Number of protein chains: 2
Amino acid sequence: MLNVDPPYYAVIFSSVLKKPSEEYLTMANKMEELAKRQPGFLGIESARQEVGISVSYWESLEAIKNWKFIPEHMLAQEQGKDLFYKSYSVKICKVEKAYHFPL
Amino acid sequence: MLNVDPPYYAVIFSSVLKKPSEEYLTMANKMEELAKRQPGFLGIESARQEVGISVSYWESLEAIKNWKFIPEHMLAQEQGKDLFYKSYSVKICKVEKAYHFPL
């Protein structure tokens with residue numbers, strides 16, 4: 001649960017793998033750890049079945065753009081397209097309201 | 001992949017179960033089928049590991065509000081709190097940009 005009130009931003013990354021692999025998991029975990037160290041990072045939630053969904057939360061659109069262009073992340077994006085993902089979608093969102101149970 | 005261009009809206013529902021159960025799966029599947037029949041529904045993506053993440057996409061905030069108050073859905077929300085969920089978050093978002101691989 002995020003300890004910030006909206007508005008903030010979310011990146012919804014949903015993906016289908018060519019096939020599961022150790023290499024993919026290593027890359028994905030590394031990118032998650034790297035994202036957590038970026039300015040403006042607020043949190044991340046991930047789950048995978050047929051589709052993988054990772055939602056990362058950010059203070060601003062600028063923080064998201066800065067993360068997009070971190071060199072290690074750019075390399076991972078290229079590897080993702082070449083090696084790992086059959087398909088993916090990235091959606092950049094403004095979180096307008098949030099509520100939680102329990103409060 | 002959604003065949004609509006932003007802006008549209010997303011509901012990010014992330015949840016932790018008390019414990020997995022057939023009853024929960026039945027309820028969750030039923031709600032997904034019901035959501036798909038609502039006006040303004042655009043699509044849904046779901047995955048579950050420790051955390052479950054379901055992202056549903058909608059044409060408008062009004063469509064989201066209408067879905068929230070469908071009687072069967074209200075009953076499921078109550079059952080969710082009473083029986084199934086240890087915790088959950090709902091985030092209402094405006095999708096401002098979306099891109100896809102492959103194009």
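The present account deals with the structure reproduced in this document. (Residues numbered from 1 in each chain as written. Chains lettered and ligands numbered in written order. Predicted model: local features only at pLDDT ≥ 70, side-chain atom pairs only at ≥ 80, totals over all residues. Heavy atoms only, no water.)

Some details on the pairing of strand E3 (residues 52-58) of chain A
All names here are of chain A.
Moving on, step 1. Taking burial as the measure, the seven residues of E3 include six buried ones, the bulk of the element.
Moving on, step 2. In this structure, strand E1 (residues 8-17) lies alongside E3, joined through seven bridges in antiparallel fashion. Paired with Phe-13 across the two strands is Ser-54, which belongs to E3.
Moving on, step 3. As defined by bridge partners, strand E2 (residues 41-48) adjoins E3 across seven bridges and the pair is classed as antiparallel. Across the sheet, residue Gly-43 finds its bridge partner in E3, namely Tyr-57.
Moving on, step 4. Joining the antiparallel neighbours E2 and E3 is a turn of three residues. (Buried < 20%, exposed > 50% of the residue type's maximum accessible area, 1.4 Å probe, protein only. Helix = DSSP H or I, 4+ residues; strand = E, 2+ residues; numbered from the N terminus. Pairing = 2+ DSSP bridges.)

Some points on the relation of the copies chain B and chain A
Moving on, step 1. Once turned by 180° and shifted 0.0 Å along the axis, chain B lies on chain A with an RMSD of 0.0 Å. Taken together, the rotation and translation describe the operation of a two-fold axis.
Moving on, step 2. Most of the interface of chain B is mirrored in chain A, where 100% of its interface residues again form contacts. (Least-squares fit on C-alpha atoms with pLDDT ≥ 70 in both. Contact = heavy atoms within 4.5 Å.)

Some remarks on the interface of chain B and chain A
Moving on, step 1. In this complex, chain B contributes 36 residues to the contact, which on the side of chain A involves 36 residues.
Moving on, step 2. Summed over both sides, the interface between chain B and chain A buries roughly 3,100 Å², with carbon and sulfur atoms accounting for 60% of that surface.
Moving on, step 3. Looking at the side of chain B facing chain A, the largest losses of area belong to Lys-91, Tyr-99 and Phe-101 of chain B, adding up to 23% of the total buried there.
Moving on, step 4. Across the contact surface, chain B and chain A share two salt bridges.
Moving on, step 5. The residue Lys-91 of chain A makes a salt bridge to Glu-45 of chain B at a minimum N-O spacing of 3.7 Å.
Moving on, step 6. The interface formed by chain B and chain A contains 17 residue pairs in polar contact (both at pLDDT 80 or more).
Moving on, step 7. Within the residue set of the side of chain B that touches chain A, elements represented by two or more residues are strand E1 (8-17), strand E2 (41-48), strand E3 (52-58), helix H2 (61-68) and strand E4 (85-101) of chain B.
Moving on, step 8. The dominant element in the side of chain B that touches chain A, judged by the number of residues it contributes, is E4 of chain B, at 17 residues.
Moving on, step 9. The class makeup of the residues in the side of chain B that touches chain A is 21 nonpolar, six polar and nine charged.
Moving on, step 10. Bridge count between strand E4 (residues 85-101) of chain A and E4 of chain B: 13 bridges; the pairing is antiparallel. The residue bridging Phe-101 of chain A from the neighbouring strand is Tyr-88 of chain B, located in E4 of chain B. (Buried area = accessible area lost by both parts, 1.4 Å probe. Salt bridge = Lys/Arg side-chain N within 4 Å of Asp/Glu carboxyl O. Polar contact = N/O pair within 3.5 Å; in protein donor to acceptor, adjacent residues only side chain to side chain. Nonpolar A, V, L, I, M, F, W, Y, C, P; charged D, E, K, R; others polar.)

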